[in-house]
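As a plain string of letters, each chain reads:
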Amino acid sequence: MSLEIKNLHARIAGNGTEILRGLTLTIEKGKVHAIMGPNGSGKSTLSKVLGGHPDYEITDGDVLLDGASILGMEPDERSRAGLFLAFQYPMEIPGVSNANFIRAALQARMPEGEELEATDYYAQLYEKMDMLEMDRKFTARSVNEGFSGGEKKRNEILQMLMLKPKYAILDETDSGLDIDALRVVSKGVNSQRGAERGFLVITHYQRLLDYIVPDEVSVLVGGRIAMSGSKALALELEAKGYDWIKEDAAEPACA
Amino acid sequence: MSTEILETPASPATQFDIDRTAGNFSYPEQHEFDAGTGLSHATIDYISNVKGEPDWIREFRHKALDVFLSKPMPTHWASHDLDNIIFNKIRYYLANAQKPTRSWDEVPDDVKRTFERLGIPEQERRFLAGVEAQFDSEAVYSNIKAAVADQGVIFCGSTEGLIKHPEIFKKWFGKVIPTGDNKFSALNSAVFSGGSFIYVPPGVKVKHPLQAYFRINAENFGQFERTLIIADEGSEVMYMEGCTAPKFETTTLHSAVVELVAMKGAKLQYVTVQNWSANVFNLVTKRAIAHEEAEVKWIDCNIGSRLTMKYPGVVLKGRKARGEVISIALAGDGQHQDTGAKMIHAADETTSNIVSKSISIGKGRATYRGLVHIPKHLKGCKNNTECDALLINAGSRTDTYPAITVRGTGNACQHEASVSRISAEQIFYMRQRGLSEAQAMSLSVNGFVNDLVRQFPMEYSVELKRLIDLEMEGSVG
Ligand SMILES: Nc1ncnc2c1ncn2[C@@H]1O[C@H](COP(=O)(O)OP(=O)(O)OP(=O)(O)O)[C@@H](O)[C@H]1O
Ligand SMILES: [Mg+2]
């Protein structure tokens, strides 16, 4: 069981600039796959393309979730199929309370005619918030509105804990977090690691990977995977930067 | 009589209309009384004859028609879309009978079925003190619970009101909103039919709401109901109105006049939830007079229509009178909601409150027009105006035209306005959590209006939420 990205080519809809240029990557259930790479290399684009963002057009390749292509699915169908995206820049939703939003998301997963049980829901929500050391006042506040950078990231993880996806893509969840928050958020993520879930963790800092230890590390350069390796690769990148890979990646890709 | 239902098919031109499962159906027409197409003095004589009206009202109508014909369309400030109303292609009076029944059993089957589909008889059983159901030009059903009638409360149609209770009716009719107030109040004054007449005697507090439901069934039709409500000293009453029409390709005109009078210390609430289809021009004049220490509250929810123009107002005539307008307007793609409020302070220590929330979707357009007038010689007057707009998806438009004239130093006025947007990026965020596009929009809209809806009677807040959900489903196609 895996989320399989096969030779994915994607460009900006309307303008034609190709951003993902033959990207192949597998996120296995039970594993954590980390992605690193220079600014602008296409990491966030990859996550949005997986989520079905309307700004991008797929020109080639496929994405299979447990064997079935998701490319024809609407963004909300992909979500309900088990794909979760923790955004690099989470959106603010004015007027919609956090608790109502998460509740609506859970309700959308229930069969027609069935209602989410309110007491169970709040019990779960409070339990996850306690784990993430989030104050209860965040239930009544509008989704992400006026949240600090770190609070927004914590809120992404709260939603992930509540929705229990099959595959979670965390886009720079560590940036903006202070040291304590990093520890807390990592604890939340680690609590969900297990055979029934796969993670793609996008980060610039090897430090996160001390907390969320990856099974595999890949480097994204210029819209494709330039190199893959074990956790040691992250340490090497930290020491040497990306230049040496960029030079390699500049070579025509062997076909 | 055939009872077959005609579902009007959607065409590409109306693809953004709501799938109005509740309101989009019509029955074949068979009208015994039909004033024909077009408007002239002969139309007015036809209506007056059929209704068997006294001469004073016939004269009132003829004069009003002259005023209507002499007034220009207000397109110097309002939408030019008004020019697309072809008055000579509209039918001004359609009815089967002049007298409403007091029992649903006596209402013709197809008409009864219409109101059953809209849930009216059931609501009446559950929580209403009285119901009037108007079908095209006339009420087909009108009933008030005996306990309420026994207290001396009068609740009937406008024709019955003017014939049976002239001493009350004549005193106030056309006094709050004179014929010449605007072109459409003149039109209504010329051809009005239906609507409610309510009188609540001094000190009587009507516990449950009185409700009227206005249903347009015929194509190319104009509905011109006329409502007059008088809450005598120290009395309390809440009136609710609901409106629907099926989706036709041709223009339908709804142009009502509603006059409210709250005598000393009376409390009057008027709640509207309108759910018009996208072919309806909805041009309504609503105004109240609040005497000393009286309170008038308009709650006005406008959903649908091609163009709505409506600015409920309160003339604060007595000391310490209080006026309030709470409005929600939802402009779907291609629709224009031009709404607002008027507060005319005419006595010391009067207070007014306006809260307006508008939502525009896609190319939908919402306009707020407010007028607050506090003359210089008054003391201790207060107005609060809050005006919030929500724009969903690029292209929607909102305009605010507040006109506030507050003179004198002893008066205070507060005005706040805000515009928020729900972008494609925010919708994507919500969809990524598993909500469909319509659910995402509904959630945002409901969140936006939530603090207002909480003040509504329960049944109406549920209804409003359901209508918002339907509108959102319709707007994503
Ligand atoms: N919708 C868009 N319109 C225009 N350019 C875009 C769009 N989306 C992505 N790009 C461009 O594609 C490239 C990849 O962007 P992306 O956000 O995926 O980078 P990233 O790897 O996540 O970078 P960072 O590490 O800074 O977050 C950038 O040059 C970006 O400007
Ligand atoms: Mg990025």
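Reading the values: the criteria
Residues numbered from 1 in each chain as written. Chains lettered and ligands numbered in written order. Predicted model: local features only at pLDDT ≥ 70, side-chain atom pairs only at ≥ 80, totals over all residues. Heavy atoms only, no water. Helix = DSSP H or I, 4+ residues; strand = E, 2+ residues; numbered from the N terminus. Buried < 20%, exposed > 50% of the residue type's maximum accessible area, 1.4 Å probe, protein only. Pairing = 2+ DSSP bridges. Axes fitted to C-alpha atoms, helices over the stretch in contact; angles between N-to-C directions. Near = heavy atom within 4 Å. Polar contact = N/O pair within 3.5 Å; in protein donor to acceptor, adjacent residues only side chain to side chain. Nonpolar A, V, L, I, M, F, W, Y, C, P; charged D, E, K, R; others polar. Contact = heavy atoms within 4.5 Å.

Considering unusual backbone geometry
In terms of backbone geometry, most residues other than glycine have negative phi values and most peptide bonds are trans. All names here are of chain A. Phi angles above zero are rare outside glycine, and N144 is one such case at about 60 degrees. Mapped onto the fold, N144 is located in the loop between β8 (142-143) and α6 (149-163). The exposure class assigned to N144 is buried, which follows from its relative accessible area of 0%. Of note in the backbone geometry, K164 takes a positive phi value of approximately 45 degrees without being a glycine. Tracing the backbone through its elements, the reader meets K164 in the loop between α6 and β9 (167-171).

Quick notes on the sheet that holds strand β12 (residues 224-229) of chain A
Residues and elements named next belong to chain A. The six strands are arranged β6-β9-β10-β3-β11-β12 in an open sheet whose pairing can be described as mixed. The open sheet terminates on both sides in strands that have one partner only, identified here as β6 (83-86) and β12. Ignoring which end each strand starts from, the neighbouring axes of this sheet average 20 degrees apart. Summarising the sheet, strand β11 (residues 216-221) and β12 pair through five bridges and their orientation is antiparallel. Among the inter-strand pairings, V221 is bridged to a residue of β12, identified as R224.

Some points on the site of ligand 1
Residue and element names in this part refer to chain A. Every one of the 15 residues lining ligand 1 counts as a neighbour, but G40, K43, T45, Y56 and H204 are closest to it. Interatomic distance of 3.2 Å between a backbone N/O atom of S41 and an oxygen atom of ligand 1. Among the elements that line the shell around ligand 1, the one with the most residues is helix α1 (residues 43-51), at three residues. When grouped by side-chain class, the residues that make up the shell around ligand 1 number four nonpolar, eight polar and three charged.

Concerning the side chain of B:E241
Residue and element names in this part refer to chain B. Relative to the helices and strands, E241 is located in strand β10 (residues 236-244). Given a relative accessible area of 1%, E241 falls into the buried group. Within the structure, E241 has its side chain in polar contact with the side chain of T272 (distance 2.8 Å). At 2.7 Å, the side chain of E241 and the side chain of K286 are in polar contact. Beyond its immediate sequence surroundings of up to four residues, E241 is in contact with A212, F214, E225, Y270, V271, T272, V273, Q274, K286 and Y460.

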